[in-house]
Structures are given as C-alpha cells and as structure tokens.
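# Structure at a glance
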Amino acid sequence: MAKKVLAVVLDGTQGSNAAIEKRLRKEYANVHRYTETFFLVPVDPAVGPAQVAATAGIKGPGRDATGVVFKLNAAYAGFTHKTLWEWLSDVEGS
C-alpha cells in the first residue's frame with residue numbers, strides 16, 4: 001500500500017530539533033530530514049497530521065516545540081538535491 005507523506009515544519013532551529021527528529025524516527029520509518037527544520041514523514045493512510053504533530057511534540061499535552069504539519073498531495077516542483085526526488089518517488093511508489 002502506498003504511503004502518504006506529511007511535512008513537519010518547525011518554527012526555527014530550536015534546541016529540541018534533534019529530539020524531535022529522534023521521536024519521529026522512533027515512531028515512523030524512513031523519515032527524510034530535508035533541513036534542520038523540515039522533515040518529510042511517510043505514514044500509513046490512516047495516520048493524520050494531528051497524530052504526527054503530537055509525536056513531534058508540536059501538539060498535545062507533551063508539546064515542547066512549535067511548528068506545523070502539512071499533508072503533501074504528490075504535487076510539488078522545484079530544483080534541489082536529486083536525493084529528495086528519489087526519496088519521494090520511492091515512498092509514493094511503495
């Protein structure tokens with residue numbers, strides 16, 4: 001079953017960015033760190049942005065960071081490292 005991709009965007013470089021990445025990687029496989037403040041998280045279709053935001057610590061009672069989670073709709077464009085396009089192709093094709 002194909003995964004959907006959620007984008008976790010943090011509000012800047014906070015002291016806890018490494019901890020946030022660690023939490024995301026513990027809960028979800030194949031997290032892609034694009035920058036220190038932007039992570040792509042492949043999830044099963046039943047998982048929503050609120051659940052990923054809670055795991056990241058940007059929503060809920062354990063909140064210790066600020067940011068937002070977006071659902072990507074497989075529509076994107078730009079010029080960047082080839083690894084990003086390969087990662088997206090692998091995740092969305094699985």
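For the structure, see preceding data.
These numbers were taken from a predicted model, which means no experiment stands behind them. (Residues numbered from 1 in each chain as written. Predicted model: local features only at pLDDT ≥ 70, side-chain atom pairs only at ≥ 80, totals over all residues. Heavy atoms only, no water.)

## Topic: the environment of Glu92
One can find Glu92 in helix H3 (residues 82-93). In sequence terms Glu92 and Ala77 are 15 residues apart; their C-alpha atoms lie 15 Å from each other. (Helix = DSSP H or I, 4+ residues; strand = E, 2+ residues; numbered from the N terminus.)

## Let's talk about the pattern of salt bridges
Across all of its chains, the model carries five salt bridges by this definition. The salt bridge involving Arg33 is made with Glu21; its shortest N-O contact spans 3.3 Å. Here Arg33, found in strand E2 (residues 32-35), pairs with Glu21, found in helix H1 (residues 17-27); they are twelve residues apart in sequence, far enough to count as distant. Glu21 sits in the buried class, given a relative accessible area of 15%. When the shortest N-O distance is used, the salt bridge between Glu86 and Lys82 registers 3.6 Å. Of the two residues, Glu86 and Lys82 both sit in helix H3, four residues apart, roughly one turn of that helix. Bridged by salt links that share partners, the residues Glu21, Arg25 and Arg33 form one connected network. (Salt bridge = Lys/Arg side-chain N within 4 Å of Asp/Glu carboxyl O. Buried < 20%, exposed > 50% of the residue type's maximum accessible area, 1.4 Å probe, protein only.)

## Brief notes about the side chain of Thr80
With respect to the element layout, Thr80 can be found in the loop between strand E4 (67-71) and H3. Residues within four places of Thr80 in sequence aside, it is in contact with Tyr34 and Trp85. (Contact = heavy atoms within 4.5 Å.)

## Re the pairing of E2
The two faces of a sheet get side chains in turn, since along a regular strand they alternate between them. The pairing of E2 with strand E3 (residues 38-43) spans three bridges and is antiparallel. Looking at the pairing, His32 lines up with Leu40 of E3. Where E2 hands over to E3, the hairpin turn is made up of two residues, counted between the paired strands. (Pairing = 2+ DSSP bridges.)

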